[in-house]
Amino acid sequence: METKKFYSNGKLLVTGEYVVLDGAKALAVPTKFGQTLEIKDDTGFVFHWTSYDKDLSIWFQDIITFQEIISKTKSETSSSIKNKLIEILHQAYKQNPSFIDNAKGYDVKTHLTFPRLWGLGTSSTLINNIAQWLEIDAFELLRKSFGGSGYDVACAQTDAPIVYHLQNEKPFFEKVNFNPAFRENIYFVYLNQKQNSSTAIANYMAKHHHVDKTMSKISAITYEAINTKEGKDFALLMEKHEVIMSDVLETETVKERLFPDFKGIVKSLGAWGGDFVMVISKHNPKDYFIERGYTTILSYEEMVL
């Protein structure tokens, strides 16, 4: 029995968090980590679904019937993951019904190459893998199931840094040459807490005012960051970005909140308050963060594709 296999990259949003939803130009990078999807034909008119974390532990396992997908049957008793999966597969069915109409069943396995709690794109890599399998539009699948700007899906399918923006809700992105000479001064530190991006987006939408002015400032920072040759200029741009977004979100920056005495720059990536932050530092900052209980620290080379 033939196994079909698909892979998608994880993502980090370097500039433009939140305002990318309103059309700002954002710099995003694909990561060396991602997720695979393996599909075998099976029987029973069901999906036997198993999702493995990086350490090969099973984080989700269930049976989803074709009927549940066709009629988008969610239940209080099912896990929220199963309900979300039904929503994604229902939307996929609307885009290409043949995978259910012409099949008897499937055995599906997904494998993350990063720990699930890192927040590098468990959902976006899955959505892009399903779209590859069914040859449907991944952005439409995302928009009608999960929502969000779609930069993560663009990273899932692109092996280079991109500038991403939305225009009339349509995604546009182009590969850019972002490979900073000072990358040995850039690190990524995991904040030990998974951030729910849907909740973070809802909070932003409730607060966002004067967003046009903010968007043009952030778009300008995006292009300056790509073109800057000096580490200190890049660091200043990231600091400026944090201050602007702190103002919009009416929230302290992550540095003010957690690392006020750190000699260097700490910038939020994606939803504020969780997942990874980017650290720019002259000296290796590992000891500083480890002393404070943050033990997952990756270099630029280890993280970015």
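The rules behind the values
Residues numbered from 1 in each chain as written. Predicted model: local features only at pLDDT ≥ 70, side-chain atom pairs only at ≥ 80, totals over all residues. Heavy atoms only, no water. Phe/Tyr/Trp six-rings, centres within 6.5 Å; stacked < 30°, edge-to-face > 60°. Helix = DSSP H or I, 4+ residues; strand = E, 2+ residues; numbered from the N terminus. Buried < 20%, exposed > 50% of the residue type's maximum accessible area, 1.4 Å probe, protein only. Salt bridge = Lys/Arg side-chain N within 4 Å of Asp/Glu carboxyl O.

Colleague: What is the right way to read the packing of aromatic side chains from this model?
Modeller: The description of two aromatic rings rests on the distance between their centres and on the angle between their planes. Under the defined criterion, the tally for this structure stands at 24 aromatic pairs. Here the aromatic rings of Phe 33 and Trp 118 are separated by 5.5 Å at their centres, their planes lie at 90°, and the arrangement is edge-to-face. Here Trp 118 lies in the loop between strand 5 (106–112) and helix 4 (122–134) and Phe 33 lies in strand 2 (residues 26–41), a separation of 85 residues in the sequence. Among the residues examined, Phe 33 registers a relative accessible area of 14% and is labelled buried. On the basis of relative accessible area, Trp 118 is assigned to the buried category, the value being 12%. Look at Phe 259 and Tyr 294: their rings are 5.2 Å apart centre to centre, the planes differ by 75°, and that puts the pair in the edge-to-face class. Here Tyr 294 lies in the loop between helix 11 (286–291) and strand 11 (297–299) and Phe 259 lies in the loop between helix 10 (254–258) and strand 9 (265–268), a separation of 35 residues in the sequence. By relative accessible area, Tyr 294 is classed as buried at 13%. In this structure an aromatic cluster arises from ring pairing among Phe 45, Phe 47, Trp 49, Phe 66, Tyr 93, Phe 99, Tyr 106 and Trp 133.

Colleague: Where do I start with the pattern of salt bridges in this structure?
Modeller: Pairing between side chains of opposite charge can happen when the charged atoms of each approach one another. Applying the stated criterion across every chain, the model contains 10 salt bridges. Ionic pairing is found between Lys 74 and Glu 87, a salt bridge with its closest N-O pair at 2.3 Å. In this pair, Lys 74 sits in the loop between helix 1 (66–70) and helix 2 (80–95) while Glu 87 sits in helix 2, placing the two residues 13 residues apart along the sequence. Glu 301 is the salt-bridge partner of Arg 183, the closest N and O atoms lying 2.7 Å from each other. Of this pair, Arg 183 sits in the loop between strand 7 (170–175) and strand 8 (186–190) while Glu 301 sits in helix 12 (residues 300–303), and the two are 118 residues apart along the sequence. Classification of Arg 183 by relative accessible area gives partly exposed; the value is 24%. For Glu 301, a relative accessible area of 44% corresponds to the partly exposed category. Counted as one network, the salt bridges with shared partners bring together Lys 74, Lys 84 and Glu 87.

These values are about where atoms sit, not about what they do.
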